[in-house]
Amino acid sequence: MSERAPLFTPVLIVGLVIIMVSFAIRSTFGLFQIPIAEEFGWLRAEFSLAIAIQNLAWGIGQPLFGALAEKIGDRRAIVLGAVFYALGLVLSANAVSPLEHQLYAWLLGFGIAGTGFGVILAVVGRAASDENRSMSLAIVSAAGSGGQIFGPPVAEWLLSVMPWQSVFIVFAVAIMAVMLTLPMMRAPAMASRSELDESLGEILVKAFKDPSYTFIYLGFFSCGYQIAFITAHFPAFVTELCGPILPGGMLDNMGISTTSALGAVAISLIGIANIGGTLMAGWLGKRYSKKYLLAGIYTGRTIVAALFIMFPITPESVILFSVAMGALWLATIPLTSGLVAHIYGLRYMGTLYGIVFLSHQLGSFLGVWLGGRMYDIYGDYTVVWWIGVAVGAFSAIIHLPIRERRLEGLRTA
């Protein structure tokens, strides 16, 4: 690729669209917490565990789909992911027990893995020029927030006009429809099968022996914990704990008259703010040390979360928190994936980033499950929120000793 290659290529545009729809659906599951629990009379932890398993399956599936894409091709892996996603949604729509929801969550998690960051970022990263790569990764990462902007309000509206089961079916149709854009995604050819078989194990051994890879892996844990906990529980958190919205006030005049509506809007606000934050992270990642930028982002998250929980929860504080946290939300994705590509090369980025992403999803599992469990025990989310503050501070520190240079002895793609 020449340095004058355009930023917006067909590969980038298709990747953007797939990520946007995939994450629009993923960002809505927290809105189903209360409707499903009320219909079946379940504890909060029951459906929370299904969402937690979904996040864990996403993490386990990410390196598998990354390796699969490197073997059979990106587009086939993405289609397979979409099929898993749609099947999981359809089966969940007909589920009537916690065990069924928790079982089908594995399909949903694998579906998100196949249509999510691991595969898409790898193909976009290979297709982009060196000059455009950091910004291309940031744009695709920001597309996840684009989906988060319209996903929750659309789901909230759909829930007002149809049962939650029908909403799942609508989502299944949407994820399959977006596969019609795949013929436009033509990435550069990969290495041959023999080359892949020869050296994938070698680079995995070298990465696992490198302390920097371990630091990246451990540091990504808190990102998953915080994001998944907020996505899954913040709508219910705001619905139940936020102070009332005053009649005739600005929010009421905008049609946001209930704390339930404010909870959905809060997730959208996080998505809106994150577009700017993620694009800024991509721009900064091209010019400054990625590890120090990541340490700064985790420090910012820690401070914002601590201040929010220390003061009374009001509509105004919910909005301020959503904007502040949103600016730091997915800004970690282009920097972390870019750091993996910078140190270990592009050839096996999908697999190596997928393994790092497993740590993210282990954090996601813990954040979502612990949120539901602690709520059932204590009646609020205070304990699990402070755990998120602590792991955020840990991530800020663990990124500092990373050696941000290409690992010696690696072959180029």
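Fair warning: this is a prediction, and the values are worked out from it, not measured in the lab.

Trainee: Account for the overall build of the chain, naming residues and giving values.
Mentor: Scanning the chain from N- to C-terminus turns up 17 helices and zero strands. Computed over its C-alpha atoms, the radius of gyration of the chain comes to 20 Å, within 12% of the 22 Å expected for a compact globule of 413 residues. Dimensions along the principal axes, computed over C-alpha positions, put the chain at roughly 60 × 40 × 40 Å. Scored against the burial criterion, the 413 residues of the chain give a buried share of 59%. The contacts in the chain between residues at least 6 apart in sequence include a share of 86% that link residues at least 24 apart. Split by element, the accessible area of the chain, about 15800 Å² in all, is 69% carbon and sulfur.

Trainee: Summarise a nonpolar patch on the surface; cite the residues concerned and give the values.
Mentor: On the surface, a cluster of nonpolar side chains totalling about 540 Å² of accessible area is made up of Ile303, Leu307, Met310, Phe311 and Trp386. With three residues, the single largest contributor to the nonpolar patch is helix α13 (residues 290–310). Its location among the elements puts leucine 307 in helix α13. On the basis of relative accessibility, which here comes to 45%, the residue leucine 307 falls in the partly exposed class.

Trainee: Residues and numbers for α13, please.
Mentor: Taking 1.5 Å of rise per residue, 21 residues should cover 30 Å, and α13 covers 31 Å from first to last C-alpha, within 8% of that figure. Of all 21 residues in α13, 15 are buried, a share of seventy percent or more.

Trainee: An account of the packing of helix α10 (residues 211–241) against helix α12 (residues 259–285) is needed here, citing residue identities and associated values.
Mentor: At a closest axis distance of 7 Å, the pairing of α10 and α12 adopts a crossing angle of 145 degrees. The way α10 lies across α12 gives a crossing that is right-handed. Two secondary-structure elements touch here, α10 through Ile230, Thr231, Phe234, Pro235, Val238 and Thr239 and α12 through Thr259, Ser260, Leu262, Gly263, Ala266, Ile267 and Ile270. Of the residues assigned to the contact of α10 with α12, the class counts are eight nonpolar, five polar and no charged.

Trainee: Can you tell me about the packing of α12 against helix α14 (residues 315–327), naming the residues and giving the values?
Mentor: Look at α12 against α14: their axes get within 6 Å of each other, and the N-to-C directions meet at 30 degrees. Once α12 is placed against α14, the crossing between them reads as right-handed. Here Leu262, Ala266, Leu269, Ile270, Ala273, Asn274 and Gly277 of α12 lie close against α14, whose contacting residues are Pro315, Val318, Ile319, Ser322, Val323, Gly326 and Ala327. Of the residues belonging to the contact of α12 with α14, the class tally is 10 nonpolar, four polar and no charged.

Trainee: Explain helix α2 (residues 33–40) to me, using residue names and the numbers behind them.
Mentor: Residues Gln33, Ile36 and Ala37 constitute the buried set of α2. For α2, the angular spread of buried residues about the axis comes to 95 degrees, placing them on one side. Where α2 is buried, its residues meet α3 (44–72), α5 (98–114), α8 (164–177) and α10. Once α2 finishes, glycine 41 follows within two positions and takes phi at roughly 70 degrees, a positive value.

Trainee: I'd like a rundown of the environment of isoleucine 402, residues and numbers included.
Mentor: Topologically, isoleucine 402 is positioned in the segment after α17 (382–398). With a relative accessible area of 1%, isoleucine 402 lands in the buried category. Excluding residues within four positions of it along the chain, isoleucine 402 makes contact with Ser212, Phe215, Ile216, Lys291, Leu339 and Ile343.

Trainee: I'd like a description of the environment of glutamine 361, backed by residues and values.
Mentor: Tracing the sequence through the fold places glutamine 361 in helix α16 (residues 349–378). Along the backbone, glutamine 361 and alanine 57 are 304 residues apart, and their C-alpha atoms lie at a distance of 8.0 Å.

Trainee: Tell me what's going on with the nonpolar core, and back it up with residues and numbers.
Mentor: Counting residues in each nonpolar core, the largest one holds 127 residues, and the members touching the most others are Leu89, Phe234, Phe237, Val318, Leu352 and Trp385. In terms of residue count, the dominant contributor to this core is α10 (14 residues). Setting aside residues up to four positions removed in sequence, tryptophan 385 forms contacts with Phe229, Phe234, Phe237, Ala305, Phe308, Ile309 and Phe321.

Trainee: Describe in detail the packing of aromatic side chains, supporting the description with residues and values.
Mentor: For the structure shown, the criterion picks out 28 aromatic pairs. Measuring from centroid to centroid gives 5.5 Å for phenylalanine 321 and tryptophan 385, while their planes differ by 50 degrees, and the two rings are tilted. Of the two residues, phenylalanine 321 is situated in helix α14 and tryptophan 385 in helix α17; the sequence distance between them amounts to 64 residues. For the pair tyrosine 375 and tyrosine 381, a centre-to-centre distance of 5.1 Å together with 35 degrees between the ring planes defines the contact as tilted. For tyrosine 381, a relative accessible area of 0% puts it in the buried group.

Trainee: An account of the environment of phenylalanine 220 is needed here, citing residue identities and associated values.
Mentor: Looking at the secondary structure, you find phenylalanine 220 in helix α10. Phenylalanine 220 sits 50 residues away from valine 170 along the chain, and the two C-alpha atoms are 32 Å apart. If we ignore the near neighbours within four places in the chain, the residues touching phenylalanine 220 are Tyr298, Thr332, Ile333, Thr336, Tyr353, Val356, Phe357, Ser359 and His360.

Trainee: For the confidence of the model for the chain, give the residues involved together with the corresponding values.
Mentor: On average, residues of the chain score 84 in pLDDT, and 94% of them are at 70 or above. Model confidence for the chain, summarised as mean pLDDT per element, is weakest for helix α9 (residues 193–209) at 67 and strongest for α13 at 94. Note on residues 194–198: pLDDT under 50 across the span, and nine contacts to partners over four residues away in sequence or across chains.

Trainee: Requested: an account of the side chain of glutamine 54, with residues and values cited.
Mentor: Structurally, the position occupied by glutamine 54 is in helix α3. Note on glutamine 54: relative accessible area 4%, which makes it buried. Ignoring anything within four residues of it in the chain, the contact list for glutamine 54 reads Arg26, Phe29, Ala105, Leu108, Gly109 and Ile112.

Trainee: Account for the side chain of threonine 28, naming residues and giving values.
Mentor: Secondary-structure assignment places threonine 28 in the loop between α1 (10–26) and α2. Given the relative accessible area of 0%, threonine 28 is considered buried. At 2.7 Å, the side chain of threonine 28 forms a polar contact with the backbone oxygen of isoleucine 25. For threonine 28, the contacting residues outside a window of four places in its chain are Gly151, Pro152, Ala155 and Phe171.

Calculation criteria
Residues numbered from 1 in each chain as written. Predicted model: local features only at pLDDT ≥ 70, side-chain atom pairs only at ≥ 80, totals over all residues. Heavy atoms only, no water. Helix = DSSP H or I, 4+ residues; strand = E, 2+ residues; numbered from the N terminus. Rg over C-alpha atoms; globule rule 2.2 N^0.38 Å. Buried < 20%, exposed > 50% of the residue type's maximum accessible area, 1.4 Å probe, protein only. Contact = heavy atoms within 4.5 Å. Areas by Shrake-Rupley, 256 points an atom, 1.4 Å probe, with all protein chains shown as cover. Patch = residues over 30% accessible without salt bridge, like charges linked within 9 Å, V, L, I, M, F, W, Y side chains within 5 Å. Salt bridge = Lys/Arg side-chain N within 4 Å of Asp/Glu carboxyl O. Expected span 1.5 Å × (residues − 1). Axes fitted to C-alpha atoms, helices over the stretch in contact; angles between N-to-C directions. Left-handed = near helix turned anticlockwise from the far one by under 90°. Nonpolar A, V, L, I, M, F, W, Y, C, P; charged D, E, K, R; others polar. Arc of directions from axis to C-beta. Core = buried A, V, L, I, M, F, W, Y, C linked by side-chain atoms within 4.5 Å. Phe/Tyr/Trp six-rings, centres within 6.5 Å; stacked < 30°, edge-to-face > 60°. pLDDT = per-residue confidence, 0-100. Polar contact = N/O pair within 3.5 Å; in protein donor to acceptor, adjacent residues only side chain to side chain.

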